[in-house]
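Residue-level listing of the chains:
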Amino acid sequence: MKNIIPSVKGTRDFYPREMAIRTWLYDKIRQVSESYGYQEYEGPLLETVELYAAKSGEELVKEQSFVFPDRSGNLITLRPELTPTLVRMVAQRQGQLAFPLRWWSFGPFWRYERPQKGRSREFFQWNIDLIGEASPEADAEIVAVMASFFEATGLTPTEVAILVNNRRLMDRELGKIGLTEAQRPEAFRLIDRRDKLTPEEWCDYALELGLSPRQFDQLLALLENLELWKGSEELARFFEVIAALGVDDYVKYDPQIIRGLDYYTGTVYEGRATTPRLRRALSGGGRYDNLLADVGGDPLPGTGYAMGDVVITLLLEDTDNLPKDLDVSPAPVLVTVFDESLLLASYKLAADLRAAGLNASCYPAPAKLSKQFKYADRIGARLALVLGPDEKSQGQVTVKNLLAGDQSIIPQEEAPALIGKILACKKPS
RNA sequence: GCGGAUGUAGCUCAAUGGCAGAGCGUCGCACUGUGGAUGCGAAUGUUGCGGGUUCGACCCCCGUCGUCCGCCCCA
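In this numbering scheme, every chain counts its residues from 1 along its sequence in written order. Key to labels: chains lettered from A, ligands numbered from 1, both in the order written. It should be noted that, the model being predicted, local features are given only for residues of pLDDT at least 70 and side-chain atom pairs only at 80 or more, the latter also being counted only at that level, while totals for whole chains, interfaces and linings use all residues. Calculated side-chain values reflect all of the structure's heavy atoms, with hydrogen atoms and water omitted.

## Thoughts on the sheet that holds strand S10 (residues 281-287)
Turning to step 1, where the next piece is worked out: If you walk across this open sheet you meet the 8 strands as S1-S5-S6-S11-S10-S9-S7-S8, and the pairing is mixed. Of all strands in the sheet, those with a lone pairing partner are strand S1 (39-40) and strand S8 (251-253), marking the two edges.
Turning to step 2, where the next piece is worked out: For two strands to be treated as a pair, DSSP must find no fewer than two bridges joining them. Think of it this way: any DSSP run of H or I at least four residues long counts as a helix, any run of E at least two long counts as a strand, and we number them from the N terminus. Here S10 runs beside strand S11 (residues 302-308); their pairing, made up of 5 bridges, is antiparallel. By the bridge assignment, Arg-287 is partnered in S11 with Thr-303.

## Some thoughts on the domain arrangement of chain A
Quoted interface sizes are often the accessible area lost when the parts come together.
Turning to step 1, where the next piece is worked out: Just so you know, the domain bounds were taken from an automatic or database domain assignment. Each assigned domain of chain A is listed here: domain 1 (16-167 + 247-318) and domain 2 (333-423).
Turning to step 2, where the next piece is worked out: One C-alpha centre belongs to domain 1, the other to domain 2; they are set 48 Å apart.

## Quick look at the sheet that holds strand S2 (residues 46-48)
Turning to step 1, where the next piece is worked out: With antiparallel pairing, the 3 strands of this open sheet are ordered in space as S2-S4-S3. Strand pairing shows two members of the sheet lacking a second neighbour, S2 and strand S3 (66-69), which therefore form its edges. Averaged over all pairs of adjacent strands, the angle between strand axes in this sheet comes to 35°, irrespective of strand direction. Note on method: axes are straight lines fitted to C-alpha atoms, helices fitted across the in-contact stretch only, with angles between N-to-C directions ranging 0 to 180 degrees.

## So, the protein's contact with RNA strand B
Turning to step 1, where the next piece is worked out: Proximity is defined per residue: any heavy atom of the residue falling within 4 Å of a molecule or strand makes that residue near it. In the region of RNA strand B, 45 residues are neighbours, and Gln-64, Arg-111, Lys-117, Glu-391 and Leu-402 sit closest.
Turning to step 2, where the next piece is worked out: Atoms of RNA strand B within 4 Å of the protein belong to the sugar or the phosphate in 51% of instances, the rest to bases.
Turning to step 3, where the next piece is worked out: Identification of polar contacts relies on pairs of N or O atoms within 3.5 Å, with a donor-acceptor requirement for protein atoms, meaning one able to donate a hydrogen and the other able to accept it, and with residues adjacent in sequence counted only if both atoms are side-chain atoms. Interatomic distance of 3.4 Å between a backbone N/O atom of Lys-374 and a sugar or linking oxygen of RNA strand B.
Turning to step 4, where the next piece is worked out: Those elements that provide at least two residues to the surface near RNA strand B are strand S6 (122-131), S10, S11, helix H14 (369-378), helix H15 (389-394) and strand S15 (396-401).
Turning to step 5, where the next piece is worked out: Of the residues forming the surface near RNA strand B, the biggest block, 7 residues, is contributed by H14.
Turning to step 6, where the next piece is worked out: Here the surface near RNA strand B is composed, by residue class, of 13 nonpolar, 12 polar and 20 charged. In the scheme used here, Gly and all other residues not listed as nonpolar or charged are polar, with Ala, Val, Leu, Ile, Met, Phe, Trp, Tyr, Cys and Pro taken as nonpolar and Asp, Glu, Lys and Arg as charged.

## With respect to the confidence of the model for chain A
Turning to step 1, where the next piece is worked out: pLDDT expresses, on a scale from 0 to 100, how confident the predictor is about each individual residue. On average, chain A scores 88 in pLDDT, and the residues at 70 or more come to 95%.
Turning to step 2, where the next piece is worked out: The weakest mean pLDDT in chain A belongs to helix H3 (residues 58-62) at 60; the strongest belongs to S1 at 97.

And the structure:
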């Protein structure tokens, strides 16, 4: 392989096989989202840097985004997340939209990070949000959509879990053990990082924040307390609704879930793979009640999450839940070209088939039939048609079933109807 | 941004510092009107790139780029 210009670092090429998987995933997402009454939308892939500068995490826009000047010197960002765009779109038409708003989207995003397993610089992300409803029911519904997606793709509660916590609850509990309001955001960060540090490092970090040894012990106890949610009316109601929606197998309380983004205000949740081979975050989100007001809209509560395509696809592959029969050959019929003098007749036959609504391709040039049959086999065609001198003189065409190996000769004018009938029979598999 | 591996034919990988190979795939033929099987044959390389050491480098050293695996961060 020489002199081939390399692809941009961290991007992926979707060959037909991978593209079929991506389309399959998109279809699943659409199916689940729409089953709950959510509408598809899409925003621009390019945004001004200002849109993210206001909120998001500092690091997300400063260090992890693709930002570059356009020809007039304005700084353009390849979107690293969708929520700011969503919030803008809602704020712009706040008076015209019907609330509560249920919207979903699936599209590309970019983050300037070091690529590795489960992470690329260009990825696809499912976003789904419920805006205009502040109740725990709204959070529960959104979490139920996530659970339904797992269920629809064959992932079981032993393979994935949705961990839930509530920032208001944690804020209150931190207050109870004597942390000042100024200390609490840092304490959130501390909790968020617990899994990423050794117990010693974590303890040092805690003491650095000014926690007393007694407070440290109290914090530890807090994070071990799986009953903590019972002290939150919001979460108590949330779990009731989750049970009513029939997805409680997937949803668990976890006092350690905090989430990194600064704009979350209430219930937060995270979909995790729990299989030993792949213990990673699949999706994450939460309630953001101040975001609309922050960008200049009237106050509106919202809740929603995002799921990237990379890790979920890895997990689905790992758990053997990717479909095996993805059809990468849209044209089940290949018309062969016998020789130069019959090329146009073959082209016309293929056109007749297409006019009848069948997907058909025609070999583009005369070639040995063995070569054309081999090609038909390679592209996964089910039928190969031969229009040679014998057939032509009789007004007929040979139809060979490539799976069964048998063939028959049929009148050419009946070919579209008969072939349609053959293809309508279930695929022998 | 930090650490560790790795880079040889289209793919998967061999080759102790001494002629750069195999399997699979591709192409051709057996089979000038029929694919998936079989047999025979053929093509394919600046060993990522640039330096260095050496009589001699795929092999050792330095640099660089890509990829992979961790960390950071996140989806």
